[in-house]
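# Analysis of the macromolecular model
Each chain, written out:
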Protein chains: 2
Amino acid sequence: MTLPLKLSPIIHVLGLLLVALAITMMIPALVEAQMVDTLPLEFIFSAAVTGFFGLMAVLATRDDGDFTLDLKQAFLLTALSWIVLPAFAALPLMGLGLNEDVGFSYTDAVFETVSGLTTTGSTVISGLDDLLPGLLLWRSLLNWIGGVGIIVMAIIMLPFLRIGGMQLFRTESSDKSEKIIPKATEMVQWITGVYVGLTAACALGYLVTGMNGFDAINHAMATLATGGFSTHDSSFGGYGQATQWVGIVFMLAGGLPFIAFIKFLRGRHRALIDDPQIQAFLKFLVWVILGSAILLMADQHIGFFDALTMAAFNIVSIVTTTGFASADYTLWGTGAIAGFFLLTFMGGCAGSTAGGIKVYRFQVLWITMREQMLRLNSPNRVVILRYHGTRMPDDLPLSVLAFLAIFFASTAVITLLLAMMDIDFVTALSAAATAITNVGPGLGDMIGPAGNFATLPDSAKWLLSFAMLLGRLEVFTLLMLFDPHFWRD
Amino acid sequence: MTLPLKLSPIIHVLGLLLVALAITMMIPALVEAQMVDTLPLEFIFSAAVTGFFGLMAVLATRDDGDFTLDLKQAFLLTALSWIVLPAFAALPLMGLGLNEDVGFSYTDAVFETVSGLTTTGSTVISGLDDLLPGLLLWRSLLNWIGGVGIIVMAIIMLPFLRIGGMQLFRTESSDKSEKIIPKATEMVQWITGVYVGLTAACALGYLVTGMNGFDAINHAMATLATGGFSTHDSSFGGYGQATQWVGIVFMLAGGLPFIAFIKFLRGRHRALIDDPQIQAFLKFLVWVILGSAILLMADQHIGFFDALTMAAFNIVSIVTTTGFASADYTLWGTGAIAGFFLLTFMGGCAGSTAGGIKVYRFQVLWITMREQMLRLNSPNRVVILRYHGTRMPDDLPLSVLAFLAIFFASTAVITLLLAMMDIDFVTALSAAATAITNVGPGLGDMIGPAGNFATLPDSAKWLLSFAMLLGRLEVFTLLMLFDPHFWRD
């Protein structure tokens, strides 16, 4: 069989990524060696294996010359890098070379790693407070690396691949002659700079509001990534209100389009205020949080500021798809359970670290619905659809709606498969939803904000790992590879 | 304020419908007078009230001459007739003039009536076996009238109103020069003829397989309407397998496009086999039923034919949106619960009495998804979308996808509102789903196949009545009226 695409450039890039991953493993190794007085064998072994396979791949493909990628190669590389990297990044969690009661099974390690890199934040680990510091830091690093990876993918790759309506953002930066940064490399540098800067600011905020240095750095990485891995089983339950407000601010920052930060820093001082996604996102959050805070005041007999903090932290956490919890909101009543379930689907802005459906898709949906109603009223009317004043690409409504359909269809299929593994309906449905939206916590005693995913059967953990990747890759990028047409010329 | 449309023709038609409704109330009145030896006062009073308002409306508008309807008037009449008729058709269930422990509150009566006319089949009545025979017959008649009403609406009105992709069927009968029946009146006669004939055949089938005459007629009406009202609390639980197979056959008939029956009777003998909706519908059902039967055999330790009957009856009942139950399938395990929940959304064929999303929308969705994938692969390719060999109208994919989006958004909003009335998540979600799809039973102890809707709060009953109408009117027909543009010129 001859493939319609050349694999060697893909293997070469994957090899380079593995080498980079192996080097990154040295960071938690060094920290662990400092903090506890033993050799961090789990990282040394894992780095050796990862580095070996990476180098092999790089060396085997080094003479193949042409390394420009075409469309199909770009698809395959994107999908494969999100599959190959977790397969190796999971190794340290297995505790190779350590006492055997320290490590996790490969299933659990892969679930945790996929959850980390996709910035989902679902965990199979209970007893985080006793975990080796290197492994805690590794989890936070997975969140953090996944977060910046997704921004780069969303800003540079997806508009090019025209996934799920992302062509909207290609138009914005190419047609409107506002090419704020000409080159991809420079763009990656800007994104990384903003990301590092915000993470540092967040860590500082956590530090001055009471976290110790180690926790501050770990939580800051998981916050900006809208990942949600914590170093404590109680997540944010043990921290005060000041710390929670720092979290709220930086979870929000992680859910905003990074391109707006970059424009802002390059002198477009209204970039953050003028962005239509940011406007809609914040307006929505203000109303939902205020409404919930008032209901909470009445229901829990607490003061307004306490209610506001509780509502803001947990709602921002779910909507930005972070998944930290400061309280078990499933105890707030049936309305809260349904509300948090629905909020799970929303997601942050496109071009951020957030998952979910995302703000601009709801905006396009709303504009399309308005137009459908107008056309039912006056069938011969010609309506030009505009997004923030600009004419929408003609294929945009259908791209967005097709995305929504495949998103919900995937959630339905995963729910059914989980239920067939003897998992109860609410757990199955909310696990499918929280995985595909990359949020983190589900509903029910098992996987709710007060539980974890440890007790699910292995088959469910593999299925949910797939669901997290599916959501993170905006569904189509991964489904493409299952389409026979992809593999034909 | 001047309205952009003339109301008098609408009021006139509504008046005529009310007069017809009052006359129809005489049928259960006569039957009840025969079967129990008392005066059927509840029907006599209700008919008097309904007839009075109907006649007033007809007389008040009789001199207004022009009775052709424009587009907006057609919308308004369609929506209003589904609101006004239940408001009066509910009266007999209140037991006016009878001993006061016989009747129901207006809330319960309206819920039951809307459930009947929309062919949903959810009930608030426990103790059906002891209900007055006239009221049992009235419930079945509501199902039956609603069923034929919806076919007439789907075949004649909705394609004209271009709701949710129904323009597909306008194209089929107008562009392909196969105008099988030229005039609407003749079409209505054909539909009614087929409907009456199938109902009679079904009643006969029930009769020879063991039902008494009264039950056979009642169940036959509820079967062809895919309504699901039974004369027993146990629904089909008390009937044998032969009776259940009669039910399976005629529930399926109720879920097929009636236009195909009419074509068949007019000599197009392949009309039923060639219909793309029927092909896909039956193929889907065969696979799902066989798969479920095999799982049931293993799980419940029963023989193949028993398992096949159980699977076929309950799956056909849900997918055709009938809602009869021969067993409490929620006891078959977590997979069955999730499976039946998802099947709730499917629905039968367009142009039948079935509700739900409907087969052709899934077909259009599938074709659209394939095209989206192809275009991601080869962005410059021009793909012509075909449905059963015919080029789709250009606006079809967007109409169908917009329908799906609004359908699920409505389900989400209704779920949230129900949950805020202190109803647990599974009950709220499945009640919203089963109402908007016009299926009937939900999940959980309260509204599951073994329960009923009596214990829900009144606010939930009104909300679910609205949801049933919303689903029956394909969402947009009702939402249109809430759009300010509709009321402008």
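Rules and cut-offs
Residues numbered from 1 in each chain as written. Chains lettered and ligands numbered in written order. Predicted model: local features only at pLDDT ≥ 70, side-chain atom pairs only at ≥ 80, totals over all residues. Heavy atoms only, no water. Phe/Tyr/Trp six-rings, centres within 6.5 Å; stacked < 30°, edge-to-face > 60°. Buried < 20%, exposed > 50% of the residue type's maximum accessible area, 1.4 Å probe, protein only. Helix = DSSP H or I, 4+ residues; strand = E, 2+ residues; numbered from the N terminus. Contact = heavy atoms within 4.5 Å. Buried area = accessible area lost by both parts, 1.4 Å probe. Salt bridge = Lys/Arg side-chain N within 4 Å of Asp/Glu carboxyl O. Least-squares fit on C-alpha atoms with pLDDT ≥ 70 in both. Domains from an automatic or database assignment. Polar contact = N/O pair within 3.5 Å; in protein donor to acceptor, adjacent residues only side chain to side chain. Axes fitted to C-alpha atoms, helices over the stretch in contact; angles between N-to-C directions. Parallel < 35°, antiparallel > 145°, perpendicular 65-115°, else oblique. Left-handed = near helix turned anticlockwise from the far one by under 90°. Nonpolar A, V, L, I, M, F, W, Y, C, P; charged D, E, K, R; others polar. Core = buried A, V, L, I, M, F, W, Y, C linked by side-chain atoms within 4.5 Å. Expected span 1.5 Å × (residues − 1).

## Topic: the packing of aromatic side chains
- For the structure shown, the criterion picks out 49 aromatic pairs over all chains.
- Relative to Phe408 of chain A, the ring of Phe407 of chain A has its centre 6.1 Å away and its plane inclined at 85°; by these criteria the two rings are edge-to-face.
- Since its relative accessible area comes to 0%, Phe407 of chain A is described here as buried.
- With a centroid separation of 6.4 Å and an interplanar angle of 90°, the aromatic rings of Phe75 of chain B and Phe486 of chain B are classed as edge-to-face. One end of the pair, Phe75 of chain B, is in helix α4 (residues 71–89); the other, Phe486 of chain B, is in the segment after α21 (476–479), with 411 residues separating them in the sequence.
- Phe75 of chain B sits in the buried class, given a relative accessible area of 0%.

## Brief notes about the interface of chain B and chain A
- At the interface, 51 residues of chain B touch 51 residues of chain A.
- Roughly 4,400 Å² of surface becomes buried between chain B and chain A when both sides are summed, with 73% attributable to carbon and sulfur atoms.
- On the chain B side of the contact with chain A, Leu376, Asn377 and Phe425 of chain B bury the most area, a combined 16% of that side's loss.
- Joining chain B to chain A, the criterion identifies two salt bridges.
- Close ionic contact of Asp483 of chain A with Arg370 of chain B constitutes a salt bridge, the shortest N to O distance being 3.7 Å.

## Some points on the relation of the copies chain B and chain A
- For the match of chain B to chain A, the screw axis carries a shift of 0.0 Å, the RMSD comes to 0.0 Å, and the turn is 180°. Taken together, the rotation and translation describe the operation of a two-fold axis.

## Considering the domain arrangement of chain A
All names here are of chain A.
- Looking at the assigned domains, one finds that chain A contains domain 1 (1–102) and domain 2 (104–489).
- Centre-to-centre, using C-alpha coordinates, domain 1 lies 26 Å away from domain 2.
- Taken residue by residue, the interface counts 34 residues in domain 1 and 40 residues in domain 2.
- For the pair domain 1 and domain 2, the summed buried area comes to about 3,300 Å², and 84% of that belongs to carbon and sulfur atoms.
- Sorting the residues of domain 1 by area buried against domain 2 places Phe75, Trp82 and Leu93 first, and these three jointly supply 28% of that buried surface.
- Our count for the contact surface shared by domain 1 and domain 2 stands at five residue pairs in polar contact (both at pLDDT 80 or more).
- Taken together, the elements giving at least two residues each to the side of domain 1 that touches domain 2 come down to α1 (8–24), α2 (26–35), α3 (41–60) and α4 (71–89).
- Residue contributions to the side of domain 1 that touches domain 2 peak at 13 residues, all from α4.

## Quick word on the side chain of Thr119 of chain B
All names here are of chain B.
- Locating Thr119 in the fold gives a position in the loop between α5 (106–117) and α6 (133–161).
- By relative accessible area, Thr119 is classed as buried at 0%.
- In this view, Thr119 contacts Asn143, Gly146, Gly147, Ala225, Thr226, Gly227, Thr321, Thr353, Asn438 and Arg472; residues no more than four positions away in its chain are not counted.

## So, the pattern of salt bridges
Residue and element names in this part refer to chain A.
- Summed over the entire model, instances satisfying the criterion amount to 15 salt bridges over all chains.
- The partner of Asp108 in a salt bridge is Lys461, and the shortest N-O contact between them spans 2.8 Å. With Asp108 in helix α5 (residues 106–117) and Lys461 in helix α20 (residues 458–472), this residue pair connects regions lying 353 residues apart in the sequence. For the pair formed by Asp108 and Lys461, the shared burial category is buried.
- Through salt bridges with shared partners, one network takes in Lys358, Arg361 and Glu474.

## Notes on the packing of helix α13 (residues 276–300) of chain B against helix α14 (residues 304–319) of chain B
Residues and elements named next belong to chain B.
- Axis separation between α13 and α14 bottoms out at 8 Å; the angle between their running directions is 135°. The angle between α13 and α14 places the two elements in the oblique class. Relative to α14, α13 is oriented so that their crossing is right-handed. Of the residues in α14, those touching α13 at Phe281, Leu285, Val288, Ile289, Leu290, Ser292, Ala293, Leu296 and Met297 are Phe304, Ala307, Leu308, Met310, Ala311, Ala312, Ile315, Val316 and Val319.
- For the contact of α13 with α14, the per-class residue count stands at 17 nonpolar, one polar and no charged.

## What about the nonpolar core?
- Ranked by internal contacts, the top residues of the largest apolar core, which has 313 residues, are Leu418 of chain A together with Leu418 of chain B.
- Apart from the residues within four sequence positions on either side, Leu418 of chain A is in contact with Ile423, Ala428, Ala431, Ala432, Ala460, Leu463 and Leu464 of chain A.

## Concerning helix α16 (residues 359–377) of chain A
- Between its terminal C-alpha atoms α16 of chain A stretches 27 Å, which fits the 27 Å expected from 19 residues at 1.5 Å a residue.
- Judged by how many residues are buried, α16 of chain A sits mostly within the fold: 14 of 19 residues are covered.

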